[in-house]
Amino acid sequence: MSSAAPVSIATPRRNAQPLLVRRAAVLGAGTMGSRIAAHLANAGIPALLLDLPAKSPGEPSLAQHAVAALARSKPAALFEAARAALITSGTFDDDLPKLAECDWVVEAVTENLEIKSALLERVVPHLSSQAILTTNTSGLPISKIAAALPAALRPRFFGAHFFNPPRYMKLLEVIPTAGSDAEIVARFAAFAGRMLGKQVVYASDTPNFIANRIGVNLVFTAANLMLDRGFTIEEVDALTGPALGFPRTGTFRLADLIGIDVLAHVARNFPEPATGGSFAALLDEMLKRNWLGDKTGGGFYKKSRGADGKEERLVLDPATMEYRPAQKPKLPQLDMAKNAGTVGERLKVLLSADPARDRAAGFLWPLLGGLWNYAADRIGEVAADVPSIDAAMRAGFNWELGPFELWDAAGLAATVERMKALAIPISAKVQDLLDAKCSSWYSTESYACFNPVSGSMEPMTTIPGHARVADFRRQGKVIRSNSGCSLVDLGDGIGCIEMHSLKNAIGGDVLNFIVSTLDAQSEAVRDFAGFVISGDRDNFSVGANLMQLLLAAQEGEFDEVAAMIRLFQRMTAAVKFCPRPVVAAPFGLTLGGGAEIVLHVARRQPHAELYMGLVEAGVGLIPAGGGTKESLLHAIDLAAALAPPDPKDPPSRFAQSAEMMTALKNRLELIAMAKVSTSAPEARAMGFLSAGDRVTMNRDRLLLDAKAQALAIAGSGYTPPQPRTVPAPGASALALMETAAFLMGEAGYASEHDQKVAKWIAYILAGGRVTAGTLVNEDYLLGLELEAFLSLVGERKTQERIAFTLKTGKPLRN
């Protein structure tokens, strides 16, 4: 395929009002099309999913099959199963007139220009005069598809390339044509960013656009180096994974996930011979053998069961085209690099060795040199600027750093000198940067990036509503800080408590910081009108610092453990009763103590991808930072909403009501089984979020969305809640819950120790062994949490669970 210079198209503006999409349609119910429809449903947008009719009368259509399959998809395509009701299935033969009701129509049929054009010819007469039409092609020329459309439709047509699976892969490459209306494109991009949570990157109409062009080129470079220099598949995957800030899949596990056939198809679209070499011949042979990766049960890797019945992973030996047991690579320099804290530090360790003597360095210098030069040569071809390319690779391939950020992290000037010494060519655009007296792609002094066209550093475009805490840090807005937390001024009277300990684990540094910050007499409460608790890490918090806890428990320092719990309870009380509104902006893993923080705030503004749960039972403990107490209060509120208590009745009647028993049983199962939500909507259904908590689809909008919530609450005249006194469900409820715990064991859902933990949870949820209706306050319930926690943490089986989880990251059922 020949390479033509991209058409010069003005970049759409970034501050446009989002397009209004009330209903959408997806043409094509294959893997990608059905999952695009699912993600539209996740956003609350009704979607019409169309494909071919059933082959035989009475059978489900392809679209009906696809919708049914969404419920079984892994990873889950839908935030919650109920969202499938927003998807209406149909056929091209019967339901094209329904397109007239749609504001956006997505074409997502097979990658064949003739098939796409023929379908669109049938579709066009049914579109409304304002409808947007996009194609999801992964590499076909958008301009050729546009050429077959009526002239009146072309301003409303452009490419919108999703990455699979659309729910989790944040990149959306938007590819305008010369005839696309820039304002419509800009409004669509604003909609996709805000409502679908996408990282929108404008790409040129060139083969494979941005991410596939660079990512697949890197796959071929790595594979050809392997074949030409005698590396193994395991070695290459180890060297092209987390060590470089890339996903754990590395190169070949990624190829198996994508599909060998898909990889080969993308490679055929390349305009240059970058995807040739020995690897192209290997791919052809694998295609002949139908070794397509995970979809056929074998590609570069496959699983097998040995004579002992145990599953083992096999890996392909390209020299013999036979599978052998996978082996752990022996790469000493890589092992040294794993101890480094950042990608940049790991890179410097890996590249410091002599490539003539060290296998890791001997592989990485030509690999990274090729990546960096190739990416530099694509500036102005696949995208207008460096930040767009970096953003596409972060969002489309889940790289921690884009290629230019990676080069800066390795040290651009020093690596260029080393590349020259190793006879690795240097892109002319990199030489332009050095000639301009710049030492990196991104400025270390301002929010700017080098532009090879102008030959200078230029300010980078910002998107209204997008911000991370790091942006405020760069502006010198940190008020105070310790090793686990910082207080950052977000402006307009709102402060951010940023958690930044390792994995955002909650230890004494975090607890003391939050208590001192939110204390009613603190300077922060005096100076700020409200607070946001959030951060920039991948996860909000994995919970309490288990290592600190285990060491204290093993040494019998139970007074120290009790002090930790009391401090944790003081922290969550400070959050709940702070005179200023505290808004939590949780995201990713929000577990254990992290979930307990979220349960105590005035309002929650979660990211849609929220995996939240009170998981302490998994390590043989109970939520003792107020989490179990808040669960009881939630159960009481839920029961009261379903059957409001009569003020004339004694408290015992409400405390023993059927609604109360049902609510308590649900809370017991939720905590005892350590259930974790798979999305923010599911977290709401589980009772972790309230009806008034709004969900943010785009992670980059989360911080400022939470800030807006804090401002709104503060501006409305916030009054903190008062400590509550409630009727305890009491001994009769405790007996029912203990029976439920026993039955969980009988059904095989709970071990003996699980049952012991569940009974302690029931003890707290019942308010202790008291008469039903006995009035108890929050401090009393916190005392029950402390009692249960201290009893369990001294148990040998609990300590074994904690140690196992710290070592493996997995729960132990003992």
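Residues numbered from 1 in each chain as written. Predicted model: local features only at pLDDT ≥ 70, side-chain atom pairs only at ≥ 80, totals over all residues. Heavy atoms only, no water.

Engineer: Would you explain the sheet that holds strand β18 (residues 582-584) in this entry?
Structural biologist: Strand-to-strand pairing in sheets goes through backbone hydrogen bonds, with the strands running parallel or antiparallel. The strand order across the open sheet formed by 6 strands is β14-β15-β16-β17-β18-β20, and the pairing between neighbours is mixed. On the outer flanks of this sheet lie β14 (478-481) and β20 (603-604), each paired with one strand and no other. Across 2 bridges, the pairing between β18 and β20 is parallel. Of the residues in β20, the one forming a bridge with Val583 is Arg603. Packed onto the sheet, helix α19 (residues 508-518) meets β14, β15 (485-489), β16 (494-499), β17 (530-534) and β18 and runs at close to 35° relative to β15. (Pairing = 2+ DSSP bridges. Helix = DSSP H or I, 4+ residues; strand = E, 2+ residues; numbered from the N terminus. Contact = heavy atoms within 4.5 Å. Axes fitted to C-alpha atoms, helices over the stretch in contact; angles between N-to-C directions.)

Engineer: What am I meant to see in the packing of aromatic side chains here?
Structural biologist: The way to describe two aromatic rings as a pair is by their centre distance and the angle between their planes. In total, this model carries 20 aromatic pairs according to the counting rule given. Seen from their ring centres, Trp104 and Phe191 are 5.7 Å apart, and the 80° between their planes marks the pair as edge-to-face. With a gap of 87 residues between them, Trp104 in strand β4 (residues 104-107) and Phe191 in helix α5 (residues 182-195) connect regions that are remote in the sequence. With a relative accessible area of 0%, Trp104 lands in the buried category. When its relative accessible area of 1% is taken as the criterion, Phe191 is described as buried. Where Trp291 meets Tyr323, the ring centres are 5.3 Å apart and the plane angle is 50°; that geometry is what we call tilted. In this pair, Trp291 sits in the loop between α10 (277-288) and β9 (301-305) while Tyr323 sits in strand β11 (residues 322-325), placing the two residues 32 residues apart along the sequence. (Phe/Tyr/Trp six-rings, centres within 6.5 Å; stacked < 30°, edge-to-face > 60°. Buried < 20%, exposed > 50% of the residue type's maximum accessible area, 1.4 Å probe, protein only.)

Engineer: Help me out: how do you make sense of the nonpolar core in this one?
Structural biologist: Most often, soluble globular proteins have nonpolar side chains that are buried together. With 115 residues, the main nonpolar core has Leu99, Phe279, Phe300 and Trp441 as its most contacted residues. Counting residues per element, this core draws most heavily on helix α13 (residues 359-377), at 12 residues. By size, the runner-up hydrophobic cluster in this structure holds 108 residues, among which are Ile514, Val582, Ala663 and Leu784. (Core = buried A, V, L, I, M, F, W, Y, C linked by side-chain atoms within 4.5 Å.)

Engineer: Looking at this structure, how should I read the packing of helix α26 (residues 658-672) against helix α29 (residues 730-746)?
Structural biologist: Two numbers describe a pair of packed helices, the interaxial angle and the distance between the axes. Between α26 and α29, the least distance of the axes is 10 Å, while the angle of their chain directions is 45°. In this view, α26 runs oblique relative to α29, as classed from their interaxial angle. The hand of the α26/α29 crossing is right-handed. Touching Met661, Leu664, Leu668 and Ala672 of α26 are Ala733, Leu736, Met737, Ala740 and Met744, all from α29. Its residues placed into classes, the contact of α26 with α29 shows 9 nonpolar, no polar and no charged. (Parallel < 35°, antiparallel > 145°, perpendicular 65-115°, else oblique. Left-handed = near helix turned anticlockwise from the far one by under 90°. Nonpolar A, V, L, I, M, F, W, Y, C, P; charged D, E, K, R; others polar.)

Engineer: What exactly am I supposed to notice about helix α16 (residues 412-421) here?
Structural biologist: Residues separated by three or four positions in an α-helix point in the same direction, a consequence of the helix having 3.6 residues per turn. Buried within α16 we find Leu412, Thr415, Val416 and Met419. When α16 is viewed along its axis, its buried side chains cluster within an angular range of 105° and face the same direction. Residues Ala414, Glu417 and Ala421 are exposed on α16 and point more than 90 degrees away from its buried face. Along its buried surface, α16 packs onto α13, α15 (403-410) and α17 (428-435). Of the residues one or two after α16, Ala423 is the one with positive phi, at around 65°. (Arc of directions from axis to C-beta.)

Engineer: What am I meant to see in the sheet that holds strand β6 (residues 157-162) here?
Structural biologist: Taken in spatial order, the 8 strands line up as β3-β2-β1-β4-β5-β6-β7-β8 in an open sheet, and their pairing is mixed. Edge positions in the sheet fall to β3 (87-91) and β8 (199-202), since each has one partner strand and no second. Pairwise comparison of adjacent strand axes, ignoring direction, gives a mean angle of 25° for this sheet. Pairing of β4 with strand β5 (residues 132-135) involves 4 bridges; the strand directions are parallel. Within β5, the position partnered with Val105 by the bridge is Leu133.

Engineer: In this structure, what is going on with the confidence of the model for the protein? I would like to understand it.
Structural biologist: In this model, the protein carries an average pLDDT of 94, and 98% of its residues clear a pLDDT of 70 or more. Note on residues 1-5: pLDDT under 50 across the span, and 8 contacts to partners over four residues away in sequence or across chains. (pLDDT = per-residue confidence, 0-100.)

Engineer: It is not clear to me how the pairing of strand β2 (residues 47-51) should be interpreted in this structure. Could you clarify?
Structural biologist: Looking down a regular strand, the side chains alternate between one sheet face and the other. Most of β2 is tucked away, with 5 of its 5 residues classed as buried. One ladder, built from 4 bridges, connects strand β1 (residues 24-27) with β2; its direction is parallel. Following the sheet pairing, Val26 is matched in β2 by Leu49. Note on the crossover from β1 through helix α1 (residues 31-42) to β2: the handedness is right-handed. Judged from the 5 bridges that link them, β2 and β3 form a sheet pairing that is parallel. Bridging from a neighbouring strand, Leu48 pairs with Thr88 of β3. (Right-handed = clockwise from strand over helix to strand, strands pointing away.)

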